[in-house]
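Commentary on secondary and tertiary structure
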Amino acid sequence: MSSTRLLILGVLLKRQPIHGYDVRKELEAWHAGKWANIAYGSIYFALNKMASEGLAETASAPKTVENKKGPARIAYQLTDKGRQEFERLLDKAIWEYQPGFDSFHIALMFMNCISKDHLLGAFRRRINLLRADIESFNATADFNLFPANAPPYLSENLRLFSARLEAERQWIEGMVGKIEQGLAL
């Protein structure tokens, strides 16, 4: 399932008609790049593909203060088929469990091929990066500085993501202790 497709269809449902630039700005305001693994550059391609598949249709965006000097922008809105696809993807995402993939898990299989000092350095760096992300997600969720039209559960989504990162941080700290005591490697 494409998280990008689900996100874009959801934004179209909420804010149609909307052009690609505003879809991108909406997802950036939600911090989707950090929790949904979305490449913002793929939004325009996805919108065009969805239009070619009949999930969205195009129209000229009305002239606004933002674009009054240039040509009308292409705006997109959901078709009935697009709304059905959104509902199908939403149902699939809420019911199915798909474990996340991170090449870190593969590297763990071969950590005995890395010197102890190098491995400890890498683990400590990852712990610091995780702490920074956890703090960032929690602060963003706590301050709730999202646009008024942001999804109502965006803060809770960020808290869930933060909790997952916290679990990984705790596990790595445990491994650092085991490595330092000579119990691992």
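Predicted model, so just to flag it, every value in this text is computed and none were measured.

**Comments concerning the packing of helix 7 (residues 116-143) against helix 8 (residues 154-180)**
Two quantities define a packed helix pair, namely the angle between the helix axes and the distance between the axes. Across the interface, helix 7 lies against helix 8 with an axial gap of 9 Å and an inter-helix angle of 160°. Classified by the angle their axes make, helix 7 and helix 8 are roughly antiparallel. Relative to helix 8, the crossing made by helix 7 is left-handed. Taken together, the residues of the contact of helix 7 with helix 8 sort by class into 15 nonpolar, four polar and 12 charged.

**Here's the deal with the layout of surface pockets**
Using a probe with the size of a water molecule, rolled over the atoms, empty space left in the structure can be pinpointed. Estimates place the volume of the largest pocket at around 2200 Å³. Around the largest pocket, the lining is made up of 45 residues, and of these Trp35, Ala36, Asn157, Phe161 and Arg164 lie nearest the centre. Sorting the residues of the lining of the largest pocket by element identifies helix 1 (3-15), helix 3 (32-35), helix 5 (80-95), helix 6 (103-108), helix 7 and helix 8 as the ones contributing at least two each. In terms of residues, the lining of the largest pocket owes the most to one element, helix 8, which gives nine residues. Across the lining of the largest pocket, the residue classes tally to 26 nonpolar, nine polar and 10 charged.

**Details of the environment of Asp80**
Considering the arrangement of structural elements, one finds Asp80 in helix 5. For the pair Asp80 and Ala56, spaced 24 residues apart in sequence, the C-alpha to C-alpha distance is 8.6 Å.

**What about a nonpolar patch on the surface?**
Together, Phe101, Ile106, Met109 and Phe110 line one region of the surface with nonpolar side chains, adding up to about 510 Å² of accessible area. With respect to the secondary-structure elements, Phe101 resides in the loop between helix 5 and helix 6.

**Some points on the nonpolar core**
With 45 residues, the main nonpolar core has Ile8, Leu12, Val23, Leu27, Ile43 and Phe123 as its most contacted residues. For this core, the secondary-structure elements that each account for two or more residues are helix 1, helix 2 (20-29), helix 4 (42-52), strand 3 (74-78), helix 5, helix 6, helix 7 and helix 8. The biggest single contributor to this core is helix 7, with eight residues. Beyond its immediate sequence surroundings of up to four residues, Ile8 is in contact with Val23, Ile43, Ala46, Leu47 and Met50.

About the thresholds
- Residues numbered from 1 in each chain as written.
- Predicted model: local features only at pLDDT ≥ 70, side-chain atom pairs only at ≥ 80, totals over all residues.
- Heavy atoms only, no water.
- Axes fitted to C-alpha atoms, helices over the stretch in contact; angles between N-to-C directions.
- Helix = DSSP H or I, 4+ residues; strand = E, 2+ residues; numbered from the N terminus.
- Parallel < 35°, antiparallel > 145°, perpendicular 65-115°, else oblique.
- Left-handed = near helix turned anticlockwise from the far one by under 90°.
- Nonpolar A, V, L, I, M, F, W, Y, C, P; charged D, E, K, R; others polar.
- 1 Å grid on protein atoms, 1.4 Å probe; cavity = no way out; pocket = protein on both sides within 12 Å on 5 of 7 lines; lining within 4 Å.
- Points joined across faces, edges and corners; volume = space filled by probe spheres on them.
- Patch = residues over 30% accessible without salt bridge, like charges linked within 9 Å, V, L, I, M, F, W, Y side chains within 5 Å.
- Areas by Shrake-Rupley, 256 points an atom, 1.4 Å probe, with all protein chains shown as cover.
- Salt bridge = Lys/Arg side-chain N within 4 Å of Asp/Glu carboxyl O.
- Core = buried A, V, L, I, M, F, W, Y, C linked by side-chain atoms within 4.5 Å.
- Buried < 20%, exposed > 50% of the residue type's maximum accessible area, 1.4 Å probe, protein only.
- Contact = heavy atoms within 4.5 Å.

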